[in-house]
Number of protein chains: 2
Amino acid sequence: MITALCGGVGAAKMLRALSMVIDEKDLTGIVNVGDDLVMHGLKICPDLDTITYTLAGLDNTETGWGLAGETWRVMAELGALGGENWFSLGDRDLATHLYRTQRLQHGATLTEITAELATHHGVGVTLLPSSLEEIATRFSTPEGTSLSFQEYFVKHHHSVVVDGISFRGAETARPGPGVIDAINDAERIVICPSNPLISIDPILAIPGIREALITRRDDVVAVSPLIGGKALKGPADRLMAELGHDVSNKGIAALYAPLAATLLIDFSDGDDAADVIDEGIDCFVTNTIMDTPERSQMVAMAVLSA
Amino acid sequence: MITALCGGVGAAKMLRALSMVIDEKDLTGIVNVGDDLVMHGLKICPDLDTITYTLAGLDNTETGWGLAGETWRVMAELGALGGENWFSLGDRDLATHLYRTQRLQHGATLTEITAELATHHGVGVTLLPSSLEEIATRFSTPEGTSLSFQEYFVKHHHSVVVDGISFRGAETARPGPGVIDAINDAERIVICPSNPLISIDPILAIPGIREALITRRDDVVAVSPLIGGKALKGPADRLMAELGHDVSNKGIAALYAPLAATLLIDFSDGDDAADVIDEGIDCFVTNTIMDTPERSQMVAMAVLSA
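Residues numbered from 1 in each chain as written. Chains lettered and ligands numbered in written order. Predicted model: local features only at pLDDT ≥ 70, side-chain atom pairs only at ≥ 80, totals over all residues. Heavy atoms only, no water.

Moving on, we get to the confidence of the model for chain A. Of all residues in chain A, 100% have pLDDT values of 70 or greater, and the mean over the chain is 95. For this predicted complex, the interface score ipTM comes out at 0.87, while the overall pTM is 0.91. (pLDDT = per-residue confidence, 0-100.)

What follows is the structure, encoded as structure tokens:
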């Protein structure tokens, strides 16, 4: 049994890679809900959906985001109405949000709904929302404004200077159903190559989760999201710099050393190994890029054997 | 200035007919909200939308319902997910509900949003929600069940026996902004050929509205929704029978006599005139079918001259 801490795209690739080398029934993802939002009255869970869609093979490989075969009629009409359409929701994707919102209103939990959607899409990996309570990642800026995750990420394309990140609601939230068991019972726990500050931290901020990981530290392996000091996708590098972290594998190592025994870094960053070890975490130098099935399997094998 | 009490399809035709003979800026519709619902988290106002779409010329004349050029991608995907899709929402229509729901969450009132949508669609008629408070038309059955409007109307295609209708929330609701003024200030008030029991009654059930109409009784004209004892559309005839009303223009006259001076009935029902007058309301025998522009204008002229 393998349990992974997950953000969105990087985690989706990691879970897909792991499912190539072990039975997906033996895989559990604990998924960040700090990006979740209610828009137009609809409950939207970007990380859960990205992972479900990717594992279902529905990810759009041409655009690198969104669903394969997606259409945009509703958003086009909403734009014509003068409605807020900066957060693009495809017609096919909208069906997921309508389904989830209706099921929530009928009393189902997000954990149950996530399982229903996974089953519908033929996804065998167990995906667990990190919490059923509302956790909202917020960004503060030097100008004193506070942005929601999606305002920062989508509306402003993460091109705003940030001087603080908070996870509203996290301090009183409880881990979602199955989350602590999935950590306690796993043979190995993987911290996916997701953004440590806005994908992994909002999971760790839920009381009980960090503590459970620390207990299992010997079996925790983190995969660095940086290669050559850059994130493959998203603003991890920029945010780390703005918030005073070393924008390197050394900086990643400092973040994860308290709760992970091993950090996987990319071959091209082999020179960082000594710095990583200095932070008190073992270093495993391997391939970390999951751009082909073969290279993905390499990462998965490294995670399992590290 | 003409003010009309409105349900959905029949009222949309009446307002369109009136706008052919007077400036639409001089027309106000007070629109039933008892059919409104929240589905999939979205606020849906069937009567307001039917009227807006019809006046905008967006009604689908081929099917007789829904929007012209509508597509159904989201519903098809929702159905595939196993979601509730008995209440069909087209992609184009969904944009309206997303817009409305988002604007409500941002603090706009339904009156303001209705005006925004009308302006966007180039509709000059003023459409006023009968109330900003929630009013829910409910149907009780001899088996003791209670159905929402849309469960009765759409899910069960109004083929269930009903022994009572109630308007939950109406007794404590207040008339929406502008509603009482629109009654007080109108030269003529029209009760559209909508279903009296489920389109007009939930408007009249809001304290203050019936009283205002009674004060203006001399200027109130009702258009019968029955021709030959049958409703052109919907279950008005069936519901009237089940709830003990005379299923005829006499029955309509009995319902409206306290608040309307005149009832318009169709040429083909000319024999009903004496029965109507017996109920204490004047009878105007004319065309009431609005199936062509010419015949629609005839009805509008009759309403204005009655």
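The next point concerns the relation of the copies chain A and chain B. For these two chains of identical sequence, chain A goes onto chain B by a turn of 180° and a shift of 0.0 Å along the axis, with RMSD 0.0 Å. Read as a symmetry element, the transformation amounts to a two-fold axis. When each C-alpha of chain A is compared by its distance to the rotation axis, A:G41 comes out closest, at 2.5 Å. (Least-squares fit on C-alpha atoms with pLDDT ≥ 70 in both.)

Let us now look at the sheet that holds strand β5 (residues 126-129) of chain A. Residues and elements named next belong to chain A. With respect to topology, seven strands assemble into an open sheet ordered β5-β2-β1-β9-β10-β13-β14, the strand pairing being parallel. One side of each edge strand has no neighbouring strand; the edge strands of this open sheet are β5 and β14 (282-286). Going from strand to strand, the sheet's axes swing by 25° on average, the running direction of each strand aside. In this sheet, strand β10 (residues 220-223) lies alongside strand β9 (residues 188-191) in parallel orientation, the contact comprising three bridges. When the bridges of β10 are listed, I189 appears paired with V220. Across the sheet, helix α1 (residues 9-21) touches β1 (2-6), β2 (27-31), β5, β9 and β10, and the angle it forms with β1 is around 165°. The strands touched by helix α11 (residues 249-256) are β9, β10 and β13 (262-266); relative to β13, the strand with the most contacts, the crossing angle is about 160°. (Pairing = 2+ DSSP bridges. Helix = DSSP H or I, 4+ residues; strand = E, 2+ residues; numbered from the N terminus. Axes fitted to C-alpha atoms, helices over the stretch in contact; angles between N-to-C directions. Contact = heavy atoms within 4.5 Å.)

Let us now look at the interface of chain A and chain B. Facing the 32 residues of chain A at the interface are 32 residues of chain B. Together, the buried faces of chain A and chain B total about 2600 Å²; carbon and sulfur atoms form 63% of this surface. Summed over the three residues of chain A that lose the most area to chain B, namely A:R73, A:L81 and A:L98, the buried surface amounts to 26% of that side. Inspection of the region where chain A meets chain B yields two salt bridges. A salt bridge links A:R92 to B:E77, with the nearest nitrogen and oxygen atoms 3.5 Å apart. Those elements that place two or more of their residues in the side of chain A that touches chain B are β3 (37-39), α3 (73-80), α4 (91-105) and α5 (110-120) of chain A. Per-class residue counts for the side of chain A that touches chain B are 13 nonpolar, 13 polar and six charged. (Buried area = accessible area lost by both parts, 1.4 Å probe. Salt bridge = Lys/Arg side-chain N within 4 Å of Asp/Glu carboxyl O. Nonpolar A, V, L, I, M, F, W, Y, C, P; charged D, E, K, R; others polar.)

This part covers the pairing of β10(A). Residues and elements named next belong to chain A. A two-sided burial pattern is seen for β10, the buried positions comprising V220 and A222 on one face and V221 and V223 on the other. In this sheet, β13 lies alongside β10 in parallel orientation, the contact comprising three bridges. What sits directly across from V223, in β13, is L264. (Buried < 20%, exposed > 50% of the residue type's maximum accessible area, 1.4 Å probe, protein only.)

Residue and element names in this part refer to chain A. With eight of its nine residues buried, helix α8 (residues 196-204) lies for the most part within the structure. The complete set of buried residues in α8 reads P196, L197, I198, S199, I200, P202, I203 and L204. Two or three places before L197, at the start of α8, stands the capping residue N195, its side-chain oxygen 2.9 Å from that residue's backbone nitrogen. (Polar contact = N/O pair within 3.5 Å; in protein donor to acceptor, adjacent residues only side chain to side chain.)

Moving on, we get to the environment of A:H157. All names here are of chain A. Summarising the element assignment, H157 is placed in the loop between α6 (149-155) and β8 (164-168). Taking C-alpha positions, H157 is 20 Å from I200, a pair spaced 43 residues apart along the chain. A polar side-chain atom of H157 sits 3.4 Å from the main-chain carbonyl oxygen of V154.

What follows covers empty space enclosed by the protein. Residues and elements named next belong to chain B. Under the counting rule described, the total for this entry stands at one cavity of 30 Å³ or more. Put simply, the largest cavity is a space of about 50 Å³. Looking at the lining of the largest cavity, the elements that each hand over two or more residues are α2 (46-55), α4 (91-105) and α5 (110-120). By residue number, the principal contributor to the lining of the largest cavity is α2, which donates four residues. Its residues assigned to classes, the lining of the largest cavity comprises three nonpolar, four polar and two charged. (1 Å grid on protein atoms, 1.4 Å probe; cavity = no way out; pocket = protein on both sides within 12 Å on 5 of 7 lines; lining within 4 Å. Points joined across faces, edges and corners; volume = space filled by probe spheres on them.)

Turning our eyes to something else, we now look at the pattern of salt bridges. Residue and element names in this part refer to chain B. Counted by the stated rule, this structure contains 20 salt bridges over all chains. A salt bridge links E116 to R103; the shortest N-O distance between them is 2.6 Å. Of this pair, E116 sits in helix α5 while R103 sits in helix α4, and the two are 13 residues apart along the sequence. For R103, a relative accessible area of 26% puts it in the partly exposed group. E133 is the salt-bridge partner of R174, the closest N and O atoms lying 3.3 Å from each other. You can see R174 sitting in the loop between β8 (164-168) and α7 (179-185) and its partner E133 sitting in the loop between β5 (126-129) and β6 (136-140), a full 41 residues away along the chain. The class for E133 is partly exposed, based on a relative accessible area of 27%.

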